Amino acid sequence: MVSLARQLIASRNPIPISKSYELGNPEALQPFVPFSRLQETKLLESHLVSLLDNCSSLNQIKQVHAHVIRRGLDQCCYVLAKLLRMLTKINVPMDPYPRLVFHQVEYRNPFLWTALIRGYSVQGPLKEAVCLYNAMRRGSISPVSFTLTALLKGSSDELELNFGRQIHCQSIKLGGFCKDLFVHNILIDMYVKCGWLDCGRKVFDEMSERDVISWTSLIVAYSKSGDMEAAAELFERLPVKDLVAWTAMVSGFAQNAKPREALEFFHRMQSEGVETDELTLVGVISACAQLGAAKYANWVHDMAEGYGFGPANHVMVGSALIDMYSKCGNVEEAYKVFKKMKEKNVFSYSSMIMGFAMHGCANAALDLFEEMVKTEVKPNKVTFIGVLMACTHAGLVERGRHLFDIMEKHCGVEPSVEHYACMIDLLGRAGQLQEALELIKAMPMDPNSGVWGALLGACRIHGNPDIAEVAANRLFELEPDSIGNYVLLANTYASAGRWEDVLGVRKSIKQKLLRKDPSRSWIEGKEGVIHEFYAGDMTHPNSQEIKEALEDLIGRLKSHGYEPNLSSVPYDLNEEHKRRILLTHSEKLALAYGLLITDSAGSTIRIMKNLRICEDCHSFMCGASQITGTEIIVPSCITDKLLSKCFSRHRWVLNMGDII
């Protein structure tokens, strides 16, 4: 404040005047020639604009404004436009102060109009910005590119597509903007955010000049829409590929479940000599998490350290590594990363809580949550999904109810549809299907497919075809082309012995031409090679050894009381046929191969799977873990009833997709 006052005092006579001369300096003996009055005014205006640029509070801006008035510049659009922009920057409402400043100017130029229009576009309401623009045009004042971009930005932020299209028309009608790169980039952004990607692409195609922002905006938009083919096509045409563009491709492939392509682009990026930043690494870490292989997990962790983005000092990378190790089945390594982090934010805590929950470590997840609430880090939506998920897989119904009740009262987190899905899953898995259905009816928002899917899955577990029909019929409305809902209903009918209803569902699947993703499991072999197995597929080079190892394992399991759970085969077949089908489930084949390449007892076998694990394979894995002394980690949809059957050395990685 003192510094600002001194600058204001100095600005009363901003022109430097020589007071003395140095001996031997001929230039000091020359008489001083003053600037013209116009030059003096321009210098003063520049000085005041510079002062405004350094203001950080309303009081400081008012001090400069007072000086503006005192020096007779209260009609200077150049200075006052800067004043309005600074008021917008520090979030001062446009009414009344900025608007009064604006109205006191008699002859307003386009930049002063734009400053106030931008203020309303940023703060709202947008309709005030529209009214100002209309008044500006009625006064025969032509807009500048900043006027249109301010209005387009407001349209984009409020998803006002129709108004944005009108401004687009204005840019064409008024002329002079056909080659304005800034306007066209904002137009692309507006169309993309409003869901009109094709229009954004048309604007792009018609541009005579493009910069990296033009290209990257569309690449990111295609990535978010899931069209990585179009994103890649644009990327390959991009003349100069910078870090932002490479990161958009790496993250896009990772977010669209194409981890190998993400790593391929990252390797290309490295070969091009483009530097890596935290955002790129987070995309690579996400891709490695999807692959679920220890080889990739360790590689990307070492690489992050090598680039100077170790998790100890970089919270974004640390949180991503926690999530990756959890999804790769190594919750111990995830917790090591968490403990090493010097700074922890809500994402770090939420990732670790979710990791514990995914592994069935309910007490660890809940203890960490209690630790978190004692810190300055406040839980968010994802945190509560994690703790509710932990309660679900530990069967802690009352604890889950309590957390659901307090999340808004004590933590300010309003329950969303995802939290209701967690509660439905919690109640459903505990067998309280009627209560779960009543909770759905009492929801303050419309239940989505996650909510009804959780109920349908619970009905499959507990064999309740009546409530399953209610859930399935709603799912058929919400997701008419999702074959998984039909399969779950058919399996529920099968468990109840209603084979005619099973045939009816299968007939509907055929009529709708729906196809089920084949069940597959994959395991990391020696030297990091990934081996994939499909149900019933015996084409692996080591198929004979796998078959023999599996038969030997089954014989040992039977001596310990294992009997195949034939109800896991939802077909009306004889028992022997069902046994053969169960024997060649993909996770059993992967386990047999894992045992062949595992050197000793006490080791860990990690198997990744694309679909839910059946009850027979669950009990099979539990028994195999016990008799071989091997820790087996498999993505699973686990039930409370099955939890009690788990042996001490068996641990499960749960899939978020099973409940949300």
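Counting of residues starts from 1 at the beginning of each chain's written sequence and follows it residue by residue. For this predicted model, a pLDDT threshold of at least 70 governs which residues receive local features, and a threshold of 80 or more governs which side-chain atom pairs are given and counted, while totals over whole chains, interfaces and linings are taken from all residues. With hydrogens and water stripped out, all remaining heavy atoms of the structure feed into the side-chain values.

A. Just the overall build of the protein, in detail. Assigned secondary structure in the protein consists of 34 helices and six strands. Categorising residues by exposure relies on relative accessible area from a 1.4 Å probe, with only protein chains included: less than 20% of the type maximum marks a residue as buried, more than 50% marks it as exposed, and the intermediate range marks it as partly exposed. Evaluated residue by residue, the protein yields a buried proportion of 49% over its 660 residues. It only takes one pair of heavy atoms within 4.5 Å for two residues to be counted as in contact. When contacts within the protein are restricted to residue pairs at least 6 apart in sequence, long-range pairs at least 24 apart make up 64% of them. Per element, the accessible surface of the protein, about 32,100 Å² overall, is 52% carbon and sulfur. Helix and strand assignments follow DSSP, with helices taken as H or I runs no shorter than four residues and strands as E runs no shorter than two, numbered in order from the N terminus. Here the open area of atoms and residues is found with the Shrake-Rupley method and a 1.4 Å probe, where only the protein chains shown may cover a residue.

B. A look at a nonpolar patch on the surface. Together, Phe111, Phe146 and Phe182 make up a nonpolar patch on the protein surface, roughly 310 Å² of accessible area in all. Summarising the element assignment, phenylalanine 111 is placed in helix H6 (residues 110-123). Of the residues examined, phenylalanine 111 reaches a relative accessible area of 41% and is grouped as partly exposed. Here the term patch refers to residues with relative accessible area over 30% and no salt bridge, with like charges joined within 9 Å and nonpolar side chains (Val, Leu, Ile, Met, Phe, Trp, Tyr) within 5 Å. Throughout this description, the term salt bridge denotes a Lys or Arg side-chain nitrogen within 4 Å of a carboxyl oxygen of Asp or Glu.

C. Geometry of the environment of valine 192. As for its placement among the helices and strands, valine 192 is situated in helix H10 (residues 181-193). Residue valine 192 is classed as partly exposed on the basis of its relative accessible area, which comes to 24%. Measuring from C-alpha to C-alpha, the distance between valine 192 and leucine 218 comes to 7.8 Å, with 26 residues separating the pair along the chain. Contacts of valine 192, omitting those with residues within four sequence positions, involve Leu197, Leu218 and Ala221.

D. The pattern of salt bridges, seen in detail. Scanning all chains against the criterion turns up 23 salt bridges. Salt-bridge contacts for glutamate 370 lead to arginine 399; the nearest nitrogen and oxygen are separated by 3.3 Å. Of this pair, glutamate 370 sits in helix H21 (residues 362-373) while arginine 399 is found in helix H23 (residues 397-409), placing the two residues 29 residues apart along the sequence. A salt bridge links glutamate 398 to arginine 401; the shortest N-O distance between them is 2.4 Å. Of the two residues, glutamate 398 and arginine 401 both sit in helix H23, three residues apart, roughly one turn of that helix. When salt bridges that share partners are traced, they join Arg201, Asp205, Glu233 and Arg237 into one network.

E. Representation of the side chain of histidine 301 within the structure. Take histidine 301: it is sitting in helix H17 (residues 294-306). What makes histidine 301 buried here is its relative accessible area of 11%. Polar contacts here mean pairs of N or O atoms no more than 3.5 Å apart (in protein, one a potential hydrogen donor and the other a potential acceptor; neighbouring residues in sequence count only if both atoms are side-chain atoms). Among the polar contacts listed, one links the side chain of histidine 301 to the side chain of tyrosine 325, at a separation of 2.8 Å. Apart from the residues within four sequence positions on either side, histidine 301 is in contact with Pro311, Leu321, Tyr325 and Val337.

F. Spatial organisation of the sheet that holds strand E1 (residues 520-524). Any two strands with at least two DSSP-identified bridges between them are counted as paired. Strand order in this open sheet of four strands is E2-E1-E3-E4, and the pairing throughout is mixed. Of all the strands in the sheet, the pair left with one neighbour each is strand E2 (530-534) and strand E4 (631-633). For this sheet the average axis-to-axis angle between neighbouring strands, irrespective of direction, equals 25°. Strand direction decides the pairing type here: strand E3 (residues 604-609) and E4, joined by three bridges, are parallel. Within E4, the position partnered with threonine 604 by the bridge is glutamate 631. As a rule, the C-alpha atoms of each element are fitted with a line to give its axis, helices using only the stretch in contact, and angles between N-to-C directions run from 0 to 180 degrees.

G. Focus on the UniProt feature "repeat: PPR" (unreviewed entry) in the protein. Residues given the UniProt feature "repeat: PPR" (unreviewed entry) here are residues 109-143, 180-214, 242-276, 314-344 and 345-379. As a span, residues 242-276 carries 74% helix and 0% strand, and end to end its C-alpha atoms are 11 Å apart. UniProt positions are given in the numbering used here, feature names are shortened, and annotations may be inferred rather than shown by experiment.

H. The nonpolar core, seen in detail. Each nonpolar core is a collection of buried residues, namely Ala, Val, Leu, Ile, Met, Phe, Trp, Tyr and Cys, held together in the definition by side-chain atoms within 4.5 Å. Ranked by size, the top nonpolar core spans 174 residues in total, and within it Leu84, Met249, Met324 and Leu455 carry the most contacts. The residues contacting methionine 324, other than those within four sequence positions of it, are Ile285, Cys288, Ala289, Ala297 and Val300. Counting residues in each nonpolar core, the second largest holds 25 residues, with Ile523, Tyr593, Cys614 and Ile632 among its members.

I. Main features of the packing of helix H4 (residues 77-89) against H6. At a minimum axis separation of 8 Å, H4 and H6 run at an interaxial angle of 5°. The angle between H4 and H6 places the two elements in the roughly parallel class. Contacts between H4 and H6 involve Cys77, Leu80, Ala81, Leu84, Arg85, Leu87 and Thr88 from the former and Phe111, Leu112, Ala115, Leu116, Arg118, Gly119, Val122 and Gln123 from the latter. Working definition: roughly parallel below 35 degrees, roughly antiparallel above 145 degrees, roughly perpendicular at 65 to 115 degrees, and oblique for all remaining angles.

J. Structural context of the side chain of threonine 276. Structurally, the position occupied by threonine 276 is in the loop between helix H15 (259-271) and helix H16 (278-291). With a relative accessible area of 9%, threonine 276 lands in the buried category. Leaving out residues up to four positions away in the same chain, threonine 276 has contacts with Leu243, Phe266, Met269, Leu281, Tyr307 and Phe309.

K. Up close: the environment of leucine 238. Secondary-structure assignment places leucine 238 in the loop between helix H13 (228-237) and helix H14 (243-255). Its relative accessible area of 3% is what places leucine 238 among the buried residues. Sequence spacing of leucine 238 and aspartate 211 is 27 residues, and the spatial spacing of their C-alpha atoms is 9.3 Å.

L. Layout of the packing of aromatic side chains. Only rings of Phe, Tyr and Trp enter the pairing, Trp through its six-membered ring, and a pair is recorded when the two centres are within 6.5 Å. The plane angle decides the type: under 30 degrees is stacked, over 60 is edge-to-face, the rest tilted. One pass over the structure, following the stated rule, counts 16 aromatic pairs. Ring geometry for phenylalanine 266 against tryptophan 299: centres 6.3 Å apart, planes inclined by 75°, an arrangement best described as edge-to-face. Here phenylalanine 266 is found in helix H15, whereas its partner tryptophan 299 is found in helix H17, with 33 residues between them in sequence. Here the aromatic rings of tyrosine 335 and phenylalanine 338 are separated by 6.1 Å at their centres, their planes lie at 15°, and the arrangement is stacked. Residue tyrosine 335 and its partner phenylalanine 338 are located together in helix H19 (residues 331-340), separated by three residues, close to a single helical turn. Among the residues examined, tyrosine 335 registers a relative accessible area of 30% and is labelled partly exposed. By way of ring pairs, the aromatic residues Phe235, Trp246, Phe253 and Phe265 are connected into one cluster.

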